[in-house]
Amino acid sequence: MPNIGGTGFILLVIVALLLFGPNKLPELGRAVGRTFREFKNGAQEIMSDESSSRKGSSASEVKSAEAATVQKTEDKRLPE
């Protein structure tokens, strides 16, 4: 896919001005900015939830493994 050069960018701005008019462009820019900001915040929230759940599950796995080791040790101490 080719890169958009300077002339391509100018052409896009002219088409946007013709379609929406100079009064609507600032509103559209704000709306796009809000949308990107909300998407970014949502993605960060999902990533932090995922990493905290991984940390929590690995800590619980370690505790479970320790409990199993202790149980095996206690079983060996019981007289047969």
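Per chain, residues are indexed from 1 in the order of the written sequence. Reporting of local features is limited, given that this is a predicted model, to residues whose pLDDT is at least 70; pairs of side-chain atoms are given and counted only at 80 or more, and all residues count toward the totals for whole chains, interfaces and linings. Heavy atoms from the whole structure form the basis of all side-chain values; hydrogens and water molecules are not counted.

Notes on the overall build of the protein
- Helix and strand content of the protein: two helices and zero strands.
- Split into buried and exposed, the 80 residues of the protein put 1% on the buried side.
- Taken as a whole, the protein presents about 7,500 Å² of accessible surface, with 63% of it coming from carbon and sulfur. Going along the chain from the N terminus, every DSSP run of H or I of four or more residues is numbered as a helix, and every run of E of two or more is numbered as a strand. Think of it in three bands: with a 1.4 Å probe and only protein chains considered, a residue is buried below 20% of the maximum accessible area for its type, exposed above 50%, and partly exposed in between. Note that accessible areas follow from Shrake-Rupley with a 1.4 Å probe, and for residues the cover is restricted to the protein chains shown.

A word on the pattern of salt bridges
- Salt bridges are defined as contacts in which a side-chain nitrogen from Lys or Arg sits within 4 Å of a carboxyl oxygen from Asp or Glu. This model, assessed by the stated rule, comprises one salt bridge.
- Lysine 24 is the salt-bridge partner of glutamate 27, the closest N and O atoms lying 3.7 Å from each other.
- Of the residues examined, glutamate 27 reaches a relative accessible area of 42% and is grouped as partly exposed.

Thoughts on a nonpolar patch on the surface
- Within the patch definition used here, like charges are joined within 9 Å and nonpolar side chains (Val, Leu, Ile, Met, Phe, Trp, Tyr) within 5 Å, considering only residues with over 30% relative accessible area and no salt bridge. Taken together, the side chains of Ile4, Phe9, Ile10, Leu12, Val13, Ile14, Leu17 and Leu18 define a hydrophobic patch exposed on the protein surface, amounting to about 810 Å² of accessible area.
- Within the secondary structure layout, phenylalanine 9 lies in helix 1 (residues 6–20).

Focus: helix 1
- The first and last C-alpha atoms of helix 1 sit 21 Å apart over 15 residues, in line with the 21 Å expected at 1.5 Å per residue.
- Just downstream of helix 1, glycine 21 is the residue with a positive phi angle, here 85°. One fewer than the residue count of a helix, multiplied by 1.5 Å, yields its expected span.

Concerning the environment of leucine 25
- Locating leucine 25 in the fold gives a position in helix 2 (residues 25–77).
- Here, two residues are considered to be in contact whenever any of their heavy atoms come within 4.5 Å of each other. What leucine 25 contacts, discounting residues up to four positions off in sequence, is Ala16, Leu17 and Phe20.

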